Amino acid sequence: MTNSNQPQKVPVFLHIPKNAGTYIMELLMVYFARIYNEPKKQENFFIKRITIESDSYNLTVFVKFLDEAHKTDPNIQHHPHAVAANYNHPKARACNLKTLQEYIGNKNLIILAINVEPISEKDMRVGLFEAYKLLNLCQARPFNYTIIRDVLSRQQSLFHYLTGKESIHEPTHGSISQDTFIKYLNSEDLEDSWLIRVLSGIPHNIQINQYWMDIATKFLESHSFLIGDISKTDHIINQVLNDCHGKCIIDLDKRSIFRNPTRNKHKITINDLDKETKQKFLDHTYWDNELYKHFIK
């Protein structure tokens, strides 16, 4: 593979909130800069991550620009969140879908990876299909992967994140009204299965059952998703990147990247819960646990 050639296979990451998404995004930027020998000076950077936002999904497209047309293009902008925070990330940009399609058609760039993140509980399949359309323009195919996590652990991380300062930029910041994790577990705000909902298109007011569970699992399986527990994140990434780009991550890639750990002062296990809270949690998240057990044997 030469620097100007589009990889035939491209990693497509289904981003489940609080499941290593920030870590993977930062790691990919460092990894691509290394394997493509990106210059150290900001003005010479050619590896960028481009955000495409819509009402139902966000795409983060990791690209290598092949010329300098993007540097003066008003359609390739600094990311709005960075502008609002008065912070100019040298590698973060934003544009609309049409602009990116034009750059692909004009062979101004190659796509290195795509992360897909839904908005709230909207159908994530829409964002994935848009990612596949972009890869079709590049004559590339996706290597789909995602990271899942023990249900209680993810819910605890989600609670502390959405009730803490780290999520102040998120539209869902403050959406949890309870002031303790135990109260959250006993409340109606507790998620039943976010992933099943965003992969099945189930209406918000409908309860999850085996039918909706099957739609979600069959979608992941029919699109050959590589799925691993969060504890195996580096192993999963190495498998994906080695298959798509022919090189694995190295320790140097991981040393200085930003990690997004949610500050849990006291991590709670299922056995720490009182009998009533434990049963209510297990009942409410039954299908989420079934999904986890389905993929993590």
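One structure accompanies this document, and this report is about it.

Moving on to the packing of aromatic side chains. Here the structure, examined in full by the defined rule, presents 12 aromatic pairs. Seen from their ring centres, Phe129 and Phe219 are 6.1 Å apart, and the 70 degrees between their planes marks the pair as edge-to-face. Here Phe129, found in helix H4 (residues 124-138), pairs with Phe219, found in helix H8 (residues 210-222); they are 90 residues apart in sequence, far enough to count as distant. Relative to Tyr184, the ring of Phe181 lies with its centre 6.3 Å away and its plane at 35 degrees, an arrangement referred to as tilted. Placement of the pair is Phe181 and Tyr184 together in helix H6 (residues 181-185), with a separation of three residues, close to one helical turn. Neither residue differs from the other here; Phe181 and Tyr184 are each classed as buried. One aromatic cluster is present, built from ring pairs that chain together Phe129, Tyr132, Phe219 and Phe225. The residue whose ring lies beneath Lys91 is Phe45, and the NZ or CZ to ring-centre distance is 4.6 Å.

Attention shifts here to the pairing of strand S8 (residues 226-229). Of the two faces of S8, both are covered, the one formed by Leu226 and Gly228 as well as the one formed by Ile227 and Asp229. Here strand S7 (residues 141-148) pairs with S8 via four bridges, running parallel. Opposite Tyr145, over in S8, you have Leu226 as the bridge partner.

Attention now goes to the pattern of salt bridges. One pass over the structure, following the stated rule, counts 13 salt bridges. In this structure, Asp243 engages Lys9 in a salt bridge whose closest nitrogen and oxygen atoms are separated by 3.2 Å. Taken together, the positions of Asp243 in helix H9 (residues 233-245) and Lys9 in strand S1 (residues 9-14) put the pair 234 residues apart, joining distant regions of the chain. Relative accessible area serves as the criterion here: at 41%, Asp243 is assigned to the partly exposed category. Here Lys9 falls in the buried class, since its relative accessible area comes to 18%.

Of all the residues in helix H3 (residues 97-105), the buried ones are Leu97, Thr99, Leu100, Tyr103 and Ile104. Down the axis, H3 shows its buried residues gathered within 165 degrees of arc, on one side only. Residues of H3 that are exposed and point over 90 degrees away from its buried face: Lys98 and Gly105. One side-chain oxygen at the N-terminal end of H3 lies 3.2 Å from the backbone nitrogen of Lys98; it belongs to Asn96. One or two positions beyond H3, positive phi appears at Lys107, with a value near 60 degrees.

Positive phi, normally seen in glycine, also occurs at Lys18, with a value near 70 degrees. Positionally, Lys18 belongs in the loop between S1 and helix H1 (21-35). A positive phi is found at Asn37, a non-glycine position, where the angle reads about 55 degrees. Relative to the assigned elements, Asn37 resides in the loop between H1 and strand S2 (47-53).

Here we come to the environment of Asn242. Structurally, Asn242 is set in helix H9. With sequence-adjacent residues up to four places away left out, Asn242 is seen in contact with Lys247 and Cys248.

This paragraph deals with the sheet that holds strand S3 (residues 57-65). One open sheet holds the eight strands; their spatial order is S4-S5-S2-S3-S6-S1-S7-S8, and the pairing between them is mixed. With one partner strand each, in any of the chains shown, strand S4 (77-78) and S8 form the two edges of the open sheet. Packing against the sheet, H1 makes contact with S1, S2, S3, strand S6 (109-118) and S7, and its axis sits at approximately 145 degrees to S2. Contacts between H9 and the sheet are confined to S1, S6, S7 and S8, with S7 contributing the most and set at about 175 degrees to the helix.

Cut-off values and rules
Residues numbered from 1 in each chain as written. Predicted model: local features only at pLDDT ≥ 70, side-chain atom pairs only at ≥ 80, totals over all residues. Heavy atoms only, no water. Phe/Tyr/Trp six-rings, centres within 6.5 Å; stacked < 30°, edge-to-face > 60°. Helix = DSSP H or I, 4+ residues; strand = E, 2+ residues; numbered from the N terminus. Buried < 20%, exposed > 50% of the residue type's maximum accessible area, 1.4 Å probe, protein only. Lys NZ or Arg CZ within 6 Å of the ring centre and 35° of its normal. Pairing = 2+ DSSP bridges. Salt bridge = Lys/Arg side-chain N within 4 Å of Asp/Glu carboxyl O. Arc of directions from axis to C-beta. Polar contact = N/O pair within 3.5 Å; in protein donor to acceptor, adjacent residues only side chain to side chain. Contact = heavy atoms within 4.5 Å. Axes fitted to C-alpha atoms, helices over the stretch in contact; angles between N-to-C directions.

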